[in-house]
Amino acid sequence: MSISRRQVAAALSALPLAAATTAATPAAADVPSGHGPRPGRTVYIAGDSTAADKYATAAPETGWGMALPFLLGRHLRVSNHAMNGRSSKSFIDEGLLAPILRVIRPGDVLLVQFGHNDEKTADPTRHTEPWTTYQEYLKRYVKGAAERGARPVLLTSVERRRYDAAGNALATHGDYPAAMRALAAGLRIPVLDIQAASLALWQRMGAEATKAYFNWLQPGESPNYPDGASDNTHFRPPGAIAVARLVARALRDQRVLAPDEVRRLDADIPESWLTWLA
C-alpha cells in the first residue's frame, strides 16, 4: 500500500524518536548503480550480514546488497550500510543509522531488514523481543526516513537454509516476520516479504541445490576457507543475486519503484560483475 510522507509522520507523531548516537563508526562503502538522465535518487540499505558488502578476505561470501545495483535502473544509486552482526537495536546503538539520516533526501528509499541477530537472546546488546522492542526500534528507522521525505520500506529477514527429514524448507525466524508485517500494516508502509519469498524459493530448489546458493565450500575450494565451509545463513554469488532479484521484484510489485526502475529481473547476471571490498 502506498503512503505519503505526511501519512507516515502522522502515524508516528506520538512516538518519541530518541536522539541517534553519533559514534564515529564507518558505514559500509557505497555501491553506485550508475547514472541516467533523470535526477538521481538513492536506495539506502540498513541491515545485517545477509545484505552487507563483503571484504575480499571473506569471498565468495556475498551479501544481496552487492547484487542489487544491477537490478535497479541506472538513475538509482544503492548505498549499502548493512553491517555484519547487527540487529535493529545494535545498528542504532552503534550510531550506524545516524549517517544515513544525515544524508537521506526526499524521494530516496530506506530498506530496513533486521531479524537474524535480534533473535540472539543471550546477547543483550543485540536481542529484541518481536512484539515489543523489535517493533519499537523499527519505528525509529521509519520515523527517521519519513521525517526527511524519504520512503521507509521494511523487509522481512531472508530465510536460512534449513530442511526437515522430508525435505521441507523450514521457517527459522519465529515471530519476527509476523511482527514486522503487523507493524507495516499498522503504519501503512510497504513491507517486502522476503522471508516468505525466499522460503518458497528454497522449497522449490531443494536441500542439495540450495548449497550452491549458500556459502558451502569444499576443503581447498577457496583460499579464504581452506577447511571448507557449511554456512546455511550467508550466500555465495548465485544466492545473493537470487535474493536481490526477490527484493527488486518486490519493490516493483509493491509500487515502491516503477516498472521502468527495475531491470534484469529475468536476465542472467554474471558473477564477475560482483566486487568485494579490498
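Everything discussed here concerns the structure shown above.
Residues numbered from 1 in each chain as written. Predicted model: local features only at pLDDT ≥ 70, side-chain atom pairs only at ≥ 80, totals over all residues. Heavy atoms only, no water.

Chemist: Go over the packing of aromatic side chains, please, and point to the residues and values.
Modeler: Enumeration according to the criterion identifies 9 aromatic pairs in this entry. Judged by centre distance (5.5 Å) and plane angle (50°), the ring pair of Phe-70 and Trp-273 falls under tilted. Residue Phe-70 is found in the loop between β1 (41-47) and β2 (76-80), and its partner Trp-273 is found in the segment after α7 (237-253); the two are separated by 203 residues along the sequence. Owing to a relative accessible area of 34%, Trp-273 belongs among the partly exposed residues under this scheme. (Phe/Tyr/Trp six-rings, centres within 6.5 Å; stacked < 30°, edge-to-face > 60°. Helix = DSSP H or I, 4+ residues; strand = E, 2+ residues; numbered from the N terminus. Buried < 20%, exposed > 50% of the residue type's maximum accessible area, 1.4 Å probe, protein only.)

Chemist: Give a detailed account of helix α5 (residues 176-187), specifying residues and quantitative values.
Modeler: Helix length check: α5 (12 residues) gives 17 Å between terminal C-alpha atoms against 16 Å at 1.5 Å per residue, within 8%. Buried residues of α5: Tyr-176, Pro-177, Ala-179, Met-180, Leu-183, Ala-184 and Leu-187, and no others. Down the axis of α5, the sector holding all buried residues measures 160°, keeping them to one side. Those residues of α5 that are exposed and aimed more than 90 degrees away from the buried face are Ala-185 and Gly-186. (Expected span 1.5 Å × (residues − 1). Arc of directions from axis to C-beta.)

Chemist: Tell me about the pairing of β1, residues and numbers included.
Modeler: Counting buried residues in β1 gives 6 out of 7 residues, a clear majority hidden from the surface. Summarising the sheet, β1 and β2 pair through 5 bridges and their orientation is parallel. By the bridge assignment, Thr-42 is partnered in β2 with Arg-77. In terms of strand pairing, β1 meets strand β3 (residues 109-113) through 5 bridges, oriented parallel. Within the sheet, the bridge partner assigned to Ala-46 lies in β3 and is Val-112. (Pairing = 2+ DSSP bridges.)

Chemist: Tell me about the packing of helix α4 (residues 130-147) against α5, and please be specific about residues and values.
Modeler: The N-to-C vectors of α4 and α5 enclose an angle of 50°; their axes lie 10 Å apart at closest approach. Judged on the interaxial angle alone, α5 and α4 are oblique. Relative to α5, α4 is oriented so that their crossing is right-handed. Facing Pro-130, Trp-131, Tyr-134, Gln-135, Leu-138, Lys-139 and Val-142 of α4, the residues of α5 in contact are Tyr-176, Ala-178, Ala-179, Met-180, Ala-182, Leu-183 and Leu-187. Classifying every residue of the contact of α4 with α5 by side-chain character gives 12 nonpolar, 1 polar and 1 charged. (Axes fitted to C-alpha atoms, helices over the stretch in contact; angles between N-to-C directions. Parallel < 35°, antiparallel > 145°, perpendicular 65-115°, else oblique. Left-handed = near helix turned anticlockwise from the far one by under 90°. Contact = heavy atoms within 4.5 Å. Nonpolar A, V, L, I, M, F, W, Y, C, P; charged D, E, K, R; others polar.)

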